[in-house]
Amino acid sequence: MALTGKHIIVGITGGIAAYKTATLVRLLVKSGAEVQVIMTPNAKEFICPVTLSTLSGKPVISEFFTANTGQWHSHVDLGLWADAMVIAPATASTIGKMANGVADNMLVTTYLSAKAPVFVAPAMDLDMMAHPSTARNIELLRSYGNHIIEPAEGELASHLIGKGRMEEPENIVKVLDGFFSDRQQLSGKRVMITAGPTYERIDPVRFIGNYSTGKMGYAIADEAARRGAKVTLVSGPVALRPKEAGVEVINVESAREMYSECISRFNDCDIAIMTAAVADYAPAEVADKKIKREKDDVPQITLVKNPDIAAALGKEKRQGQMLVGFALETNDESANALGKMKRKNLDMIVMNSLRDAGAGFGTDTNKITVFTRDERVIEYPLKSKPEVACDILDNIALLSACEVSD
Ligand code: C5P
């Protein structure tokens, strides 16, 4: 079992589904996990802490201090101890606090300190679930990279029928188990990722650039690291940092710099994923002083072609290496993407269209279609970039599994 020895915080909030957490804790312990329960004060109205401390084998934490001893519970230490945190049931109130950083109890304070992946299993009445503020807060949690375990449809505590039932404990354990199994999926693999824009200098103060923010590439780097890969991220100028420790970042500015960093590293990697928006052209000459405004003359900038990094790696690719490219298109999307995959000798291409709302530069979401060299085409709905990163890495894992069995 992938959960053996894992440290799991089970955060329980004040909803009727709290009664199911006794089973959740029991199943996690049975799977070999060490469980620390944190309850909000309201949760204790729904299930007795003694039940949970007995099942988990650890005193339940609810307050910042133990009243009779004055012992302080460190949310920071707990956050560092955890391999995962699961908040089940997550009420609308707690989801709202988590989304907005309202740290007025031990559970939300620990959530804000946790470095580990967080799973949230909402549970509430159907109208609360459908309220725009709940929907917005859940979307915010998703955008932070939290995993939402969608509630099921069925009979609710109010006897109304609809969406809002907390997912069954057995399924929550399955989600966690699957997550930790995935983590071993890329273990030992060396993954190189390019991300962000490139800046092509004109003079000491100006450059030719583009709107790429690097969000997609950084999300893929984080997810690959979570799955056990050794990740090198060759990044153009962006305002991001990887969330996962252990992602090595090589900062570059221009396409030529990105090219030489990638070429020199490619031999040592198993998988290369080219998400960068590399400038196709650069000024032929870089002025060493700021170009002054002339009265009548307009300066002419002569451009030269930049190297195509993906195509160059495609030429060098050896048996067993996998090369993945991106295609951001505005028209004839599929034909263009397939053409690029062939031309650059890629194993897979991820296509996104600027015609789709929510896809492309700067957004927190993306809508992709994946084409693989074995002629599979998988179209995905609009998702958060961390979720899209999972889909991309799932396809890469599938493709390399096919290669092994070829
Ligand atoms: O040809 P196009 O620029 O649309 O191809 C996009 C794919 O090629 C992306 O994966 C991008 O990162 C990669 N690329 C590259 N070097 C270039 C241009 C594009 O690696 N100079």
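Keep in mind that what you see is a predicted model, and the values were worked out from it rather than measured.

Cut-offs used in this document
Residues numbered from 1 in each chain as written. Predicted model: local features only at pLDDT ≥ 70, side-chain atom pairs only at ≥ 80, totals over all residues. Heavy atoms only, no water. Near = heavy atom within 4 Å. Polar contact = N/O pair within 3.5 Å; in protein donor to acceptor, adjacent residues only side chain to side chain. Areas by Shrake-Rupley, 256 points an atom, 1.4 Å probe, with all protein chains shown as cover. Nonpolar A, V, L, I, M, F, W, Y, C, P; charged D, E, K, R; others polar. Phe/Tyr/Trp six-rings, centres within 6.5 Å; stacked < 30°, edge-to-face > 60°. Helix = DSSP H or I, 4+ residues; strand = E, 2+ residues; numbered from the N terminus. Buried < 20%, exposed > 50% of the residue type's maximum accessible area, 1.4 Å probe, protein only. Contact = heavy atoms within 4.5 Å. Pairing = 2+ DSSP bridges. Axes fitted to C-alpha atoms, helices over the stretch in contact; angles between N-to-C directions. Patch = residues over 30% accessible without salt bridge, like charges linked within 9 Å, V, L, I, M, F, W, Y side chains within 5 Å. Salt bridge = Lys/Arg side-chain N within 4 Å of Asp/Glu carboxyl O. Expected span 1.5 Å × (residues − 1). Parallel < 35°, antiparallel > 145°, perpendicular 65-115°, else oblique. Left-handed = near helix turned anticlockwise from the far one by under 90°.

Colleague: Can you help me understand the site of the ligand in this one?
Modeller: Around the ligand, the neighbouring residues are Met-274, Ala-276, Val-278, Asp-280, Pro-307, Asp-308, Ile-309, Ala-310, Gly-325, Phe-326, Lys-340 and Lys-344. Within the contact set of the ligand, an oxygen atom lies 2.8 Å away from a backbone nitrogen or oxygen of Phe-326. A distance of 2.4 Å is found between an oxygen atom of the ligand and a side-chain nitrogen or oxygen belonging to Lys-340. Alone, the ligand offers 440 Å² of accessible surface; in the complex the protein occludes 85% of this. The residue inventory of the shell around the ligand, partitioned by class, reads 7 nonpolar, 1 polar and 4 charged.

Colleague: Would you mind going over the packing of aromatic side chains with me for this structure?
Modeller: The relative placement of two aromatic rings is captured by the distance of their centres and the angle of their planes. On inspection of all chains with the given rule, the structure shows 3 aromatic pairs. When the ring of Phe-119 is compared with that of Phe-179, the centres are 5.2 Å apart and the planes differ by 80°; the resulting orientation is edge-to-face. Of this pair, Phe-119 sits in strand S4 (residues 118-122) while Phe-179 sits in helix H8 (residues 169-183); the two residues are 60 residues apart in sequence, bridging distant segments of the chain. Across this residue pair, the class does not change: Phe-119 and Phe-179 are buried. Measuring from centroid to centroid gives 5.3 Å for Phe-179 and Phe-180, while their planes differ by 85°, and the two rings are edge-to-face. Each member of the aromatic cluster is reached from another via a ring pair, and the members are Phe-119, Phe-179 and Phe-180.

Colleague: For this particular structure, what's the right way to read unusual backbone geometry?
Modeller: Most peptide bonds are trans, and most residues other than glycine sit at a negative phi. Cis rather than trans, the peptide bond between Ala-88 and Pro-89 has omega equal to -10°. Tracing the chain through its elements places Pro-89 in strand S3 (residues 84-90). Here the phi dihedral of Asn-345 falls at roughly 60°; this positive angle occurs in a residue that is not glycine. Here the phi dihedral of Glu-375 falls at roughly 65°; this positive angle occurs in a residue that is not glycine. With respect to the helices and strands, Glu-375 occurs in the loop between strand S19 (368-372) and strand S20 (377-379).

Colleague: Got a minute to help me understand the side chain of Asn-352 in this structure?
Modeller: Take Asn-352: it is sitting in strand S17 (residues 348-353). Asn-352 gets classed as buried once you look at its relative accessible area, which sits at 6%. Looking at Asn-352, its side chain comes within polar contact range of the side chain of Asn-366, at 3.0 Å. Excluding residues within four positions of it along the chain, Asn-352 makes contact with Ala-327, Leu-328, Glu-329, Ala-359, Gly-360, Asn-366, Lys-367 and Ile-368.

Colleague: Would you mind showing me how to read the sheet that holds strand S2 (residues 34-39) here?
Modeller: Whether parallel or antiparallel, the strands of a sheet pair through hydrogen bonds between backbone atoms. A sheet is described by the order of its strands in space; here 5 strands give the open sequence S2-S1-S3-S4-S5, paired in parallel fashion. Because the sheet does not close on itself, it has two edges, and the strands there are S2 and strand S5 (147-148). Bridge analysis of strand S1 (residues 7-12) against S3 gives 4 bridges, and the strand direction is parallel. In the sheet register, Gly-11 faces S3, and the bridge partner there is Ile-87. The strands touched by helix H1 (residues 21-30) within the sheet are S1, S2 and S3, with S1 carrying the most contacts at an inclination of about 180°.

Colleague: In this structure, what is going on with a nonpolar patch on the surface? I would like to understand it.
Modeller: Residues Tyr-211, Leu-328, Leu-354 and Phe-361 make up a contiguous nonpolar surface patch of roughly 420 Å² in combined accessible area. Here Tyr-211 lies in the loop between strand S10 (206-208) and helix H9 (215-226). Judged by its relative accessible area of 72%, Tyr-211 falls in the exposed class.

Colleague: Would you take a moment to explain H9 for this structure?
Modeller: Turn by turn, an α-helix covers 3.6 residues, leaving residues three or four places apart pointing in a common direction. Across its 12 residues, H9 extends 16 Å between first and last C-alpha, which sits within 8% of the 16 Å expected from 1.5 Å per residue. Counted residue by residue, H9 has 11 buried out of 12 residues, so it is predominantly covered. Inspection of H9 places Met-216, Gly-217, Tyr-218, Ala-219, Ile-220, Ala-221, Asp-222, Glu-223, Ala-224, Ala-225 and Arg-226 among the buried residues, and these make up the whole buried set. One or two residues past the end of H9 sits Gly-228, with phi positive at roughly 95°.

Colleague: Before we go on, may I ask you to explain the environment of Val-76 in this structure?
Modeller: Following the sequence through the fold, Val-76 ends up in helix H3 (residues 75-81). Judged by its relative accessible area of 40%, Val-76 is partly exposed. Taking C-alpha positions, Val-76 is 6.7 Å from Thr-110, a pair spaced 34 residues apart along the chain.

Colleague: Would you mind going over the sheet that holds strand S8 (residues 190-195) with me for this structure?
Modeller: Spatially, S12-S11-S8-S13-S16-S17-S19-S20 is the arrangement adopted by the 8 strands of the open sheet, whose pairing is mixed. Each edge of the open sheet carries a strand with a single partner, namely strand S12 (247-251) and S20. The sheet shows a mean angle of 15° between the axes of neighbouring strands, direction not considered. Against the sheet, H9 engages S8, strand S11 (230-235), S12, strand S13 (271-274) and strand S16 (322-329), with an angle of about 165° to S11. Of the strands in this sheet, S16, S17 and S19 are in contact with helix H12 (residues 333-343), which crosses S17 at around 150°.

Colleague: Whenever I open this one, the environment of Gly-57 confuses me. Can you help?
Modeller: Take Gly-57: it is sitting in the loop between helix H2 (49-56) and H3. In the structure, Gly-57 is positioned 254 residues away from Ala-311 in sequence and 56 Å away in space, judged by C-alpha atoms.

Colleague: I would appreciate a short explanation of the pattern of salt bridges in the present structure.
Modeller: Pairing of side chains with opposite charge becomes possible as their charged atoms draw close. Within this structure, the stated rule accounts for 25 salt bridges. Between Glu-150 and Lys-163 there is a salt bridge, with the nearest N and O atoms lying 3.0 Å from each other. Of this pair, Glu-150 sits in the loop between S5 and strand S6 (152-155) while Lys-163 sits in strand S7 (residues 161-165); the two residues are 13 residues apart in sequence, bridging distant segments of the chain. Using a relative accessible area of 33% as the deciding quantity, one classes Glu-150 as partly exposed.

Colleague: I'm lost on the packing of H1 against H8 in this one. Help?
Modeller: What describes two packed helices is the angle between their axes and the distance between those same axes. Two elements in contact, H1 and H8, have axes separated by 9 Å at closest approach and are oriented at 40°. Between H1 and H8, the interaxial angle falls into the category oblique. In this structure, the crossing between H1 and H8 has a hand that is right-handed. For the pair H1 and H8, the contacting residues are Thr-23, Leu-24, Leu-27 and Leu-28 in the first and Pro-169, Glu-170, Ile-172, Val-173 and Leu-176 in the second.

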